[in-house]
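# Notes for the structure review
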Amino acid sequence: MQDCITKEVRKLLVFDVETSTPQGKPNPLVDKFKYLGAYDLKEKKYYFISDKKEGRDLLRKHKIVIGFNSKKYDEPILKREQMWTNGHIHIDLFEVVDKRKHFLKCKNKSRSLASLAKIFGLSEGKGELDYSLLNKESVTDEEYELIKKYTLQDIKVTKEMFEYLYKFFEPFKEYMSDYDIKTYKWLTSAISVYAYKVICNLTGLKEEYDDSDGVGYKGGFVAEPEVDEEHGKIYCMDFNSLYPHCFIQGNLYSHSCKCCDDKWTGNELFPVKGGYCRMKQGDIERLLFKFYKQRIQFKKEKDNREYLIKIIINSIYGLSGSPTFKSLFNQNTASDCTLIARRCCKLARDKFRSAGYKILYSDTDSVYLKDLHDDKERMLMVKDNIIKIIKQNLPFPCHTFDMGIDEEIKHIWFFKKTGRKLKKHYMYVTKNNKVKVKGLPMIKRDSSRLGLIVFNKYMKEKIKSGKIKFKYGDLRKWAYEELANDINVVARTFMVGSLKSYKNGTQLQAQISKVYGSGKHILIPNKYTGVGKSVKYCTINEFKKSGFNVNAISLNKYWSEMEFFSEFIPKKDNIKKGMISLEAWCDV
C-alpha cells in the first residue's frame, strides 16, 4: 500500500490544526491557530509546529494536503492566518467517507475520527484532550508534550485512514481521465459525479454541469403490502439491473439521433413520451451493455471490479434525471426509464397472479410472491414468458435481461402505523435462516441502540421460527437487563458551544451549555432530573448520585422501535398513571 502512494510524483502531507476556541465550541470564523501537526508520506516524517511561517513553508512544499473535516474548519483558519495557498489539492477524508458511506458500510454509524478508526480497524487515539490547555496563553513543557502527543496521534490515525481509503477506492482510477486521476477525483468525487466523469470520458461527451432546476416525474413502482404476514414457499423475484436494461433496450439516450425520421415512440405496453432511434444503439447504451457483460464476467472471476461497474451502471438513472449532469440529462429519458420499469413490474405481478401465485409486495424491480403450487420450475416458466413479452415490446432486446430469484423466504412480515400498511418497512427470514430487516427505526442511525441490542440478543432466534410478537413484560425485562449491565446503551452525546452562541436560550443545546458548560457531554435521558422538558438529560454521575435505577430512564425511543414486536404496549396515559402510583409507593 505504502509503495503505491510513494510512487506519486508530488508530495502528500497529512495535517491537522489545533486552535484556541474563544466561544467554547469550534468556530472557524473566530478560533485562533495554535499548532500545526503534519506527516509527510514520502519522507515518512512527523511535524509539530507552532510558528506560522514555518507552518506556511511546510504547507507550500506540498501540492496535495490531506485532513479530516479540514475543508470546513482547518482550511478557513489557515487562510485567515495567511498560511494557505489556493494551489493545494485538498483531500478531506471526512467528505470522502460521507460521500461514499454506503460503500464503506458506515451509513448509519458515527463518522467521528475515533469511530471510523474502529470501523476500519485503524490505530486508536489516546483519549480526549483537555481543550482548556489550548486556550491558555502559555503552557508548561509537560502540557506542551501532552498536546503534541494528542495531535500526532490524530495525524497517525488520519494517515492510516488515507491509506485505507486509497487502497479501497484505487480500482476507481481505471475508467477515468489522466487529469482526474492526477487530481484525485477518483477518490474525492461523489459517486454520481464519478459515474458521470467515467461515462463522459469513455464516450467522448463533454463534461458539462448546469445548476438549473429539473422538472419532477414519476419514479419507480412501490406497491402497498397485500398481507400482514405470510409463511411457506415465498420468493423475491428480481429483475436483473432493471433501470440500466430499460436504457439499453429502449435506446433511451438516442433521442437526438439524425439517422431516422421514424423513431420508436413506444406502444400499448410501454407508452413512452420521447422518440428514440430504431436504427442503431447509441454510444451510451452500448457502453452500458459492455459494462454489464463485463460485470457478469468479473462476478464469475470474483474480481472486485464487478462492484465498481455496478456502481457506474446503477448511477446512470440519477444522472439522466438531473440537469446538473448536462450531457446526460433529458427529461423524457429519465421519465421513460421509470415508465418502462413500472410497466415491467406491473406486468410481472399481473402474469404471476393470473398463473395462480399469491402476490405479497413489490418494490421498484422486485415482486414478492407465494408459490401456492410448490413448483419452482413452473414459476420460472411463467417468469420466462414475462421476459419474452417485455423483450418483444422494446426496440433493442438483449440476452442479458432476465428475472431471477433474489431470495427464497420462509417467513415475511409487513408493518402498520396508524392502521396503514407501510411501504419499504418489512422483515423476513430466508430459507437459510438469515433475518433481514428493511426500513425499521431500530436499524437507523438515530436509533436508541438499545432496541437493536435487544432484537439481536433476545428476539432474533425466536423470529427465525416465525414468531414476531413478544410479551410487553419480556421486552421490558430484556431492556432493563441490558441497562443494568451498561447504562451507556441509551446515552446520547451532545457537542455544545458557549451559552452566548445560541440565539434561542430555551433550545436543548443552550440548556445543556448553561448547566454543564461548553464542550462534549454524554447524557442519560430520564424522567426526573437534568435539562430538557418532556425528556430530561443528566450526566451518568448525576443519575447514579440521585439513587435512580433503570426505572427512571426514559425509554420513549426504545418503545417506539418495539411497537411492531410487542403484543401490547400500554398507552402513555396508563404509563403516566402507573409512574405516579410508583412514586407514591417509592417516595421518588
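Just above sits the structure.
Residues numbered from 1 in each chain as written. Predicted model: local features only at pLDDT ≥ 70, side-chain atom pairs only at ≥ 80, totals over all residues. Heavy atoms only, no water.

## Some thoughts on the overall build of the protein chain
- Within the protein chain, the regular secondary structure consists of 20 helices and 14 strands.
- Buried residues in the protein chain amount to 48% of all 588 residues.
- Excluding contacts between residues fewer than 6 apart, the proportion of contacts in the protein chain whose partners are at least 24 apart in sequence is 65%.
- Taken as a whole, the protein chain presents about 29700 Å² of accessible surface, with 48% of it coming from carbon and sulfur.
- Put simply, the protein chain has 107 plus and 76 minus side-chain charges, and the middle of one group is 2 Å from the middle of the other. (Helix = DSSP H or I, 4+ residues; strand = E, 2+ residues; numbered from the N terminus. Buried < 20%, exposed > 50% of the residue type's maximum accessible area, 1.4 Å probe, protein only. Contact = heavy atoms within 4.5 Å. Areas by Shrake-Rupley, 256 points an atom, 1.4 Å probe, with all protein chains shown as cover. Lys, Arg positive; Asp, Glu negative; His and termini not counted. Charge placed at Lys NZ, Arg CZ, Asp CG, Glu CD.)

## Brief notes about the sheet that holds strand β10 (residues 420-430)
- Reading across the sheet, the six strands line up as β7-β8-β6-β9-β10-β11 and stay open at both edges, with antiparallel pairing between neighbours. Each end of this open sheet is capped by a strand with a single partner; those strands are β7 (358-363) and β11 (435-438). Averaged over neighbouring strand pairs, the angle between their axes works out to 35° when direction is ignored.
- In this sheet, strand β9 (residues 403-417) lies alongside strand β6 (residues 229-239) in antiparallel orientation, the contact comprising nine bridges. Counterpart to M237 in the pairing with β9 is I405.
- Docked against the sheet, helix α14 (residues 376-392) engages β6, β8 (366-370) and β9, running at close to 35° with respect to β6.
- Where helix α15 (residues 450-464) meets the sheet, it contacts β9, β10 and β11, and its direction lies at approximately 110° from that of β11. (Pairing = 2+ DSSP bridges. Axes fitted to C-alpha atoms, helices over the stretch in contact; angles between N-to-C directions.)

## Considering the packing of aromatic side chains
- As enumerated under the stated definition, the model contains 43 aromatic pairs in all.
- Ring geometry for F414 against Y426: centres 5.8 Å apart, planes inclined by 40°, an arrangement best described as tilted. One end of the pair, F414, is in strand β9; the other, Y426, is in strand β10, with 12 residues separating them in the sequence.
- For F414, a relative accessible area of 6% gives the class buried.
- Assessed through its relative accessible area of 6%, Y426 is described here as buried.
- Chaining the aromatic ring pairs together yields one cluster made of F120, Y164, F168, F169, F172 and Y194.
- Over the aromatic face of F289 sits the side chain of K293, whose NZ or CZ is 4.5 Å from the ring centroid.
- Across from the ring centre of F470, 5.2 Å away, lies the NZ or CZ of K467, which sits over that ring. (Phe/Tyr/Trp six-rings, centres within 6.5 Å; stacked < 30°, edge-to-face > 60°. Lys NZ or Arg CZ within 6 Å of the ring centre and 35° of its normal.)

## What about the environment of E43?
- Looking at the element boundaries, E43 is found in the loop between β2 (32-40) and β3 (45-49).
- On the basis of relative accessibility, which here comes to 41%, the residue E43 falls in the partly exposed class.
- A C-alpha to C-alpha distance of 8.6 Å links E43 and K11, two positions 32 residues apart in sequence.
- Engagement of the side chain of E43 in a polar contact is seen with the side chain of Y47, the distance being 3.5 Å. (Polar contact = N/O pair within 3.5 Å; in protein donor to acceptor, adjacent residues only side chain to side chain.)

## Brief notes about helix α11 (residues 283-300)
- Here α11 spans 26 Å end to end across 18 residues, near enough to the 26 Å set by a 1.5 Å rise per residue.
- Listing the buried residues of α11 in full gives I284, E285, L287, L288, F289, F291, Y292, R295 and F298.
- Residues of α11 that are buried in the fold lie against α9 (191-203), α10 (242-250) and α12 (305-320).
- Of the residues trailing α11, K302 is marked for its positive phi of about 55°. (Expected span 1.5 Å × (residues − 1).)

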